[in-house]
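Now for the letters of each chain:
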Amino acid sequence: MTGFKAKKYLHHSIHKIMREFYNLSQGKHHTNQEYYNEFNTLRATAEENGAKIGKHPGSIKEALAKITIDPESPTEIESAKAAQTSEEWYFAVAFLLGCDRAPYGNLIEEIENEYLQNRDDNTNVGTHPQTVTEAYDFLSNYKKDPRNITWLLGQDTIDTTSGAAFLWANDRHDGPSFLTDG
């Protein structure tokens, strides 16, 4: 228990912790483990303070459709399981979307594109992580193309489209002449 709720007006606390949660992202110099720990700590603090993050009716309805025989009349146990599943899906995506985009931006694009290319209403095809732990594994095991290392390090800012062109003025190569338009 952080004691966060006891020191502030309840609604103030909930708003503040939700804002912190939604603004959380992996810093450039944070490891995946540090980001994972901070994410889970903030998640626990939000739950401890009564904030309901990730329990959206549309997502719960989707979870009910996947885990129940009759989504229109689920049992109490099925409803609770659907709410928990929906929340976990939400947190997994929130964790993934908060990661450092420099090394993992391509991973996110690949996941989004794969989902668009392979989805239909009758299947569960897709590579979106289903839990925060699975999202962490995605980041930890993602293989980056070594040809992109200059981009990852931010060294791809050299402009190769500008500069001067030289042309030898004669066969003796007395010196270069500038190539001009006229």
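What this report covers is the structure whose coordinates are included nearby. (Residues numbered from 1 in each chain as written. Predicted model: local features only at pLDDT ≥ 70, side-chain atom pairs only at ≥ 80, totals over all residues. Heavy atoms only, no water.)

## A few points about the pattern of salt bridges
Note on pairing: side chains with opposite charge can pair once their charged atoms come close. Put simply, the rule reads: One side-chain nitrogen of Lys or Arg within 4 Å of one carboxyl oxygen of Asp or Glu is enough to make a salt bridge. Labels follow the DSSP assignment, with helices taken as runs of H or I lasting at least four residues and strands as runs of E lasting at least two, numbered in each case from the N terminus. Per-residue accessibility, obtained with a 1.4 Å probe over protein chains only, is compared with the maximum for each type, and a residue is labelled buried under 20%, exposed over 50%, and partly exposed between these values.
Counted according to the given criterion, the structure contains 3 salt bridges. A salt bridge links Lys66 to Glu62, with the shortest nitrogen-to-oxygen separation between them at 3.4 Å. In this pair, Lys66 and Glu62 are both assigned in helix H4 (residues 57–67), 4 residues apart and thus about one turn of the helix distant. On the basis of relative accessibility, which here comes to 42%, the residue Lys66 falls in the partly exposed class. The partly exposed category is assigned to Glu62, whose relative accessible area is 39%. One salt-bridge network, in which partners are shared between bridges, spans Arg43, Glu47 and Glu88.

## What about helix H6 (residues 101–118)?
For clarity, the threshold we go by: Given the number of residues in a helix, its expected span is that number minus one, multiplied by 1.5 Å. Residues adjacent in sequence count toward polar contacts only when both atoms are side-chain atoms; beyond that, a polar contact is any pair of N or O atoms within 3.5 Å, and within protein one must be able to donate a hydrogen and the other to accept it.
With 18 residues, H6 extends 24 Å between its outermost C-alpha atoms, agreeing within 8% with the 26 Å of an ideal straight helix rising 1.5 Å per residue. Of all the positions in H6, only Pro103, Tyr104, Gly105, Leu107, Ile108, Ile111 and Glu114 are classed as buried. The N-cap of H6, judged by a side-chain oxygen 3.2 Å from the amide nitrogen of Ala102 a few residues on, is Asp100.

Take it as geometry only, folks, not as evidence of what the structure does.
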